[in-house]
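# Observations on the three-dimensional arrangement
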Amino acid sequence: LKAKSIKFIPELPSKFRESMVKIGFGSVTKIAHRFDEPFWDTKIQYFGVNTKEKGRWNYWLNYRTFSKQNILLGLSVGDYALIADNLSERGKKTDSLSVLRNVWGKDISEPNKSISTNWSNDQNFLGAYSYTKPGAKPKDYENLSRPVNNKLFFCGEHTVFDYSATTHGALLSGLNVAGKIIEAAWFLVFGLLSFLIIKMRYAWVLVIQMAFSILQSGVMDRENKAEMRKIFIQIEKLEGQPHAIDI
């Protein structure tokens, strides 16, 4: 939405567009290195590293604290995430390993496998998650969560201020919107049924009244039969359903 790659006709409400500008959207780059043997303290879950470049592979998650895999997962955040996203796979591997070697020494082993993310260059996402820019308020997140004419619904972590920039925020917003869609669908169904019931009731009242009037006039002759056929033709038009007529 912030990239304006989707065109809405008519345009989205002005409050929605204003709030969309106020809320930021950034990236985070992750790279996972799997080693044959650990060279770090396997009992520590997170390692923090100070680097000259702010956000450059500053956090490392130790998978050995919850699995048997010798994996370290590094994160680049802030402006450096955009730099890391534009590096090649080899470039990200070299760049992140240089940070590890500055901490644990140059002789650490090469990983037997490395994989990384590239959210900002993925055309389906163009980033990782929202963030609160200066001037943004909780009301802006609320504005992005409001449906348009009860027909167009939006969900995502950017619509839940309390849980923005989190996976569970995205999940909770999805569940919330699913409930709103079901509620809107039921209103539509009940409205349609009410309309059909009123229409059908009017049609049959008309039939009974006209038939009773004809019967009262005496024996049903050919003119009466012709009149009855006309009545049923009118009913078919009202109901939109064909009926077998045998008079």
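Residues numbered from 1 in each chain as written. Predicted model: local features only at pLDDT ≥ 70, side-chain atom pairs only at ≥ 80, totals over all residues. Heavy atoms only, no water.

Our focus in this paragraph is the overall build of the protein. Counting its regular elements, the protein contains 6 helices and 7 strands. Counting from the amino terminus, the protein carries its helices and strands in the arrangement α-β-β-β-β-β-α-α-β-β-α-α-α. Burial analysis of the protein (247 residues in total) assigns 29% to the buried set. Within the protein, contacts between residues at least 6 apart in sequence are counted, and of these 57% link residues at least 24 apart. With the model as given, the accessible surface of the protein reaches about 16,900 Å², and the carbon-plus-sulfur share is 58%. (Helix = DSSP H or I, 4+ residues; strand = E, 2+ residues; numbered from the N terminus. Buried < 20%, exposed > 50% of the residue type's maximum accessible area, 1.4 Å probe, protein only. Contact = heavy atoms within 4.5 Å. Areas by Shrake-Rupley, 256 points an atom, 1.4 Å probe, with all protein chains shown as cover.)

Another aspect to go through is the confidence of the model for the protein. For the protein, mean pLDDT is 86; residues scoring 70 or higher make up 78% of the total. For residues 242-247, every residue scores under 50 in pLDDT, and the model assigns this stretch 9 contacts once sequence neighbours within four places are set aside. (pLDDT = per-residue confidence, 0-100.)

Here we take up the nonpolar core. Ranked by size, the top nonpolar core spans 14 residues in total, and within it Trp57, Trp60, Leu72 and Leu100 carry the most contacts. Looking at this core, the elements with two or more residues in it are α2 (79-85) and α3 (89-104). Sort the elements by how many residues they give to this core and α3 lands first, with 3 residues. Counting residues in each nonpolar core, the second largest holds 8 residues, with Phe16, Tyr141, Val148 and Phe154 among its members. (Core = buried A, V, L, I, M, F, W, Y, C linked by side-chain atoms within 4.5 Å.)

What follows is about α3. Its 16 residues place the ends of α3 22 Å apart at the C-alpha level, agreeing with the 22 Å of an ideal helix rising 1.5 Å per residue. Those residues of α3 that sit buried are Lys92, Asp95, Ser96, Leu97, Val99 and Leu100. Considering only its buried residues, α3 is in contact with β2 (29-34), β4 (59-62), β5 (71-76), α2 and β6 (113-116). Following α3 by one or two positions, Gly105 has its phi on the positive side, about 105 degrees. (Expected span 1.5 Å × (residues − 1).)

Let's shift gears to the side chain of Ser96. Topologically, Ser96 is positioned in helix α3. From its side chain, Ser96 meets the backbone oxygen of Lys93 in a polar contact 3.1 Å long. Dropping the residues within four chain positions of it, Ser96 is found in contact with Ile31, His33, Trp57 and Trp60. (Polar contact = N/O pair within 3.5 Å; in protein donor to acceptor, adjacent residues only side chain to side chain.)

With that settled, the discussion passes to a nonpolar patch on the surface. Together, Tyr163, Leu171, Leu172 and Leu175 give the surface a local cluster of nonpolar side chains, amounting to about 410 Å² of exposed area. Here Leu175 is to be found in helix α5 (residues 167-216). For Leu175, a relative accessible area of 57% puts it in the exposed group. (Patch = residues over 30% accessible without salt bridge, like charges linked within 9 Å, V, L, I, M, F, W, Y side chains within 5 Å. Salt bridge = Lys/Arg side-chain N within 4 Å of Asp/Glu carboxyl O.)

Here we come to the pattern of salt bridges. Taken as a whole, this structure holds 8 salt bridges when the rule is applied. Across the pair Arg56 and Asp95 runs a salt bridge, and its minimum N-O distance is 2.8 Å. Of this pair, Arg56 sits in the loop between β3 (46-48) and β4 while Asp95 sits in helix α3; the two residues are 39 residues apart in sequence, bridging distant segments of the chain. A salt bridge links Glu110 to Lys93, with the shortest nitrogen-to-oxygen separation between them at 3.8 Å. With Glu110 in the loop between α3 and β6 and Lys93 in helix α3, this residue pair connects regions lying 17 residues apart in the sequence. For Lys93, a relative accessible area of 27% translates into the label partly exposed. Members of the salt-bridge network, linked through shared partners, are Glu53, Arg56 and Asp95.

Bringing the sheet that holds β4 into the picture now. The pairing of strands in a sheet happens through backbone hydrogen bonds and is either parallel or antiparallel. Across the sheet, which stays open at both edges, the 5 strands sit in the order β3-β4-β5-β2-β6 with antiparallel pairing between neighbours. On the outer flanks of this sheet lie β3 and β6, each paired with one strand and no other. With direction set aside, neighbouring strand axes in the sheet form an average angle of 20 degrees. Both β3 and β4 contribute to a ladder of 3 bridges, which runs antiparallel. Paired with Gly48 across the two strands is Tyr59, which belongs to β4. The strands that α3 touches are β2, β3, β4, β5 and β6; relative to β2, the one it contacts most, it runs at about 70 degrees. (Pairing = 2+ DSSP bridges. Axes fitted to C-alpha atoms, helices over the stretch in contact; angles between N-to-C directions.)

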